Amino acid sequence: MDPFASALDALFHGPGSEAADYVTESGVQEGVRIIRSRPTADAPFGDSRIRQDTCIIDVRRSEVPMPSAGDRFLIREIDPAAQAEVLTVCIVTGDPAVDVEGMTWTCEAPEA
């Protein structure tokens, strides 16, 4: 097995990764593993800049061959306080970027 693929599998099944459903605009749904991060970004606003939270999702190219704007990631979590399932929907915006090895997509996907 390719050492990069093995390392990527370990990364996407390790701490900080999570299960999600990937839904295309045409409605096709598949289970995937993702790594979600929420960095802060500066956005231009007139003559100044505004800091805003963003949501970045990394997904393996072997699971999602070509994500596109409008596709969604559905992430189910358990709220410990309410002991209930919470559904977070993240919608892909813009064009996803592929990594240098061509193995993962990085998608900007803010919560809806």
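This text goes with the structure placed above it.
Residues numbered from 1 in each chain as written. Predicted model: local features only at pLDDT ≥ 70, side-chain atom pairs only at ≥ 80, totals over all residues. Heavy atoms only, no water.

Visitor: Quick question: what am I supposed to make of the pairing of strand 6 (residues 72-79) here?
Guide: Where a strand is regular, its side chains alternate between the two sheet faces. For strand 1 (residues 17-23) and strand 6, the ladder comprises three bridges, and the chain directions are antiparallel. By the bridge assignment, Asp-21 is partnered in strand 6 with Leu-74. Of the strand pairs in this sheet, strand 6 and strand 7 (residues 84-91) are connected by eight bridges, and their pairing is antiparallel. The residue bridging Glu-77 from the neighbouring strand is Val-86, located in strand 7. The turn linking strand 6 back onto strand 7 is made up of four residues, and Gln-83 within it adopts a positive phi angle of 50 degrees. (Pairing = 2+ DSSP bridges. Helix = DSSP H or I, 4+ residues; strand = E, 2+ residues; numbered from the N terminus.)

Visitor: Even after reading the chapter, I still don't get the state of the cysteines, so can you show me in this structure?
Guide: Such a bond, covalent and formed between the sulfur atoms of two cysteines, is termed a disulfide. Tallied over the full model, the rule gives zero disulfides. The thiol of Cys-55 is not disulfide-bonded; the next cysteine sulfur, from Cys-90, is found 4.0 Å away. (Disulfide = S-S within 2.5 Å.)

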